[in-house]
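Now for the letters of each chain:
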Amino acid sequence: MPTLKSLSEDVKDRLTQAGIEEAEFDTRLLITETLDISDIDYALEKDRVISDEQVGILLPLVERRASREPISQIFGEKEFWSLPFKVTKDTLTPRPDSETLIETALKFYGDKDEALSILDLGTGTGCLLLALLHEYPNAKGVGIDISEATLNVAIENAESLSLSKRANFQLGKWSSGLSQNISFDIIVSNPPYIGSYEKSSLPPEVKDHEPEIALFSGEDGLDDYRTIAAEVGNHLKDSGCVILEIGHTQAKAVKKIFTSAGFNKSTVFQDLGARDRCLVIEKV
Ligand code: GLN
């Protein structure tokens, strides 16, 4: 039976051979999660003997990672805004960059007790809507997604976070299924925004394992911004704002799309890497 030391070396070699840059980091995650040991024990107990049974559970997961499946899909979970979200192959894995949208909402709406109404277009795991409902305990929201499988994950996430009483989920293409007279304080969205020409430059974890429908948006990556810009005016309160995730090179182009749709006020916010990541559009 292997020791923790020899096992971690073998796993790291396998992941390195598969082209994974963060092989050491992923080895630790796979071993500590699967064997249910703490990071400290992992670092200190290198002579610990690992049973064949435990190795038998670990190795198929290592092979999945070696085939470049993302860690989030292997464990079926990803943390976002310090909350746990179920993730499947049908959902875009929540990214830390997208937390910029939650931070931005908090800047615009400083009163956490406000009874805000929130619409999340292309809700995916529900991470944006549910993180906002978590922050604003009197808020209510609607999450829309075009995929039923994805929507079911969002519904499960709302239940496990005890937010389902305030979250409604609807199948549909952007806002097309909403009744005309419904409007919101906040419309939030992380639409697909990668241009089809960029596909070959994406890592296999994204390109081969995440849902294409959540990633790509026409040749230039801007098609869904055009659709959203044409629709949101109908569902935004006069005092409300649209909080959009954008690709880090897209601020100017997305601003222009919204200006052409009659929205003259938009402000860019940056992520922790100091890249443009969020655009807030106001009606005034
Ligand atoms: N930020 C994601 C990525 O770079 C893309 C998600 C999206 O298109 N909304 O992989």
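Residues numbered from 1 in each chain as written. Predicted model: local features only at pLDDT ≥ 70, side-chain atom pairs only at ≥ 80, totals over all residues. Heavy atoms only, no water.

This part is about the sheet that holds strand β5 (residues 167-171). Strands sit in the order β5-β4-β3-β6-β7-β9-β8 across an open sheet of seven strands; the sheet is mixed. Two strands lie at the open edges of the sheet, namely β5 and β8 (265-270), each paired on one side alone. This sheet shows a mean twist of 20° between the axes of neighbouring strands, independent of strand direction. With five bridges joining them, strand β7 (residues 236-245) and strand β9 (residues 276-282) adopt antiparallel strand pairing. By the bridge assignment for β9, Leu244 is matched with Leu279. Along the sheet face, helix α10 (residues 223-232) touches β3 (117-121), β6 (184-189) and β7 and points at about 170° away from the line of β7. The sheet contacts of helix α11 (residues 251-260) involve β7, β8 and β9, and relative to β9 the element is tilted by about 15°. (Pairing = 2+ DSSP bridges. Helix = DSSP H or I, 4+ residues; strand = E, 2+ residues; numbered from the N terminus. Axes fitted to C-alpha atoms, helices over the stretch in contact; angles between N-to-C directions. Contact = heavy atoms within 4.5 Å.)

Moving on, we come to the environment of Glu45. Looking at the secondary structure, you find Glu45 in the loop between α3 (39-44) and α4 (52-66). Along the backbone, Glu45 and Lys5 are 40 residues apart, and their C-alpha atoms lie at a distance of 8.3 Å.

Turning next to the environment of Tyr225. Along the chain, Tyr225 falls in helix α10. With relative accessibility at 0%, the residue Tyr225 sits in the buried group. As a C-alpha pair, Tyr225 and Tyr193 span 32 residues in sequence and 8.1 Å in three-dimensional space. With sequence-adjacent residues up to four places away left out, Tyr225 is seen in contact with Pro191, Tyr193, Leu244, Glu245, Ile246, Gly247, Gln250, Val254, Ile257 and Phe258. (Buried < 20%, exposed > 50% of the residue type's maximum accessible area, 1.4 Å probe, protein only.)

This brings us to a negative patch on the surface. Where like charges cluster on the molecular surface, the negative patch consists of Glu33, Asp36, Glu77 and Glu79. As for its placement among the helices and strands, Glu79 is situated in strand β1 (residues 77-80). Given the relative accessible area of 57%, Glu79 is considered exposed. (Patch = residues over 30% accessible without salt bridge, like charges linked within 9 Å, V, L, I, M, F, W, Y side chains within 5 Å. Areas by Shrake-Rupley, 256 points an atom, 1.4 Å probe, with all protein chains shown as cover. Salt bridge = Lys/Arg side-chain N within 4 Å of Asp/Glu carboxyl O. Lys, Arg positive; Asp, Glu negative; His and termini not counted. Charge placed at Lys NZ, Arg CZ, Asp CG, Glu CD.)

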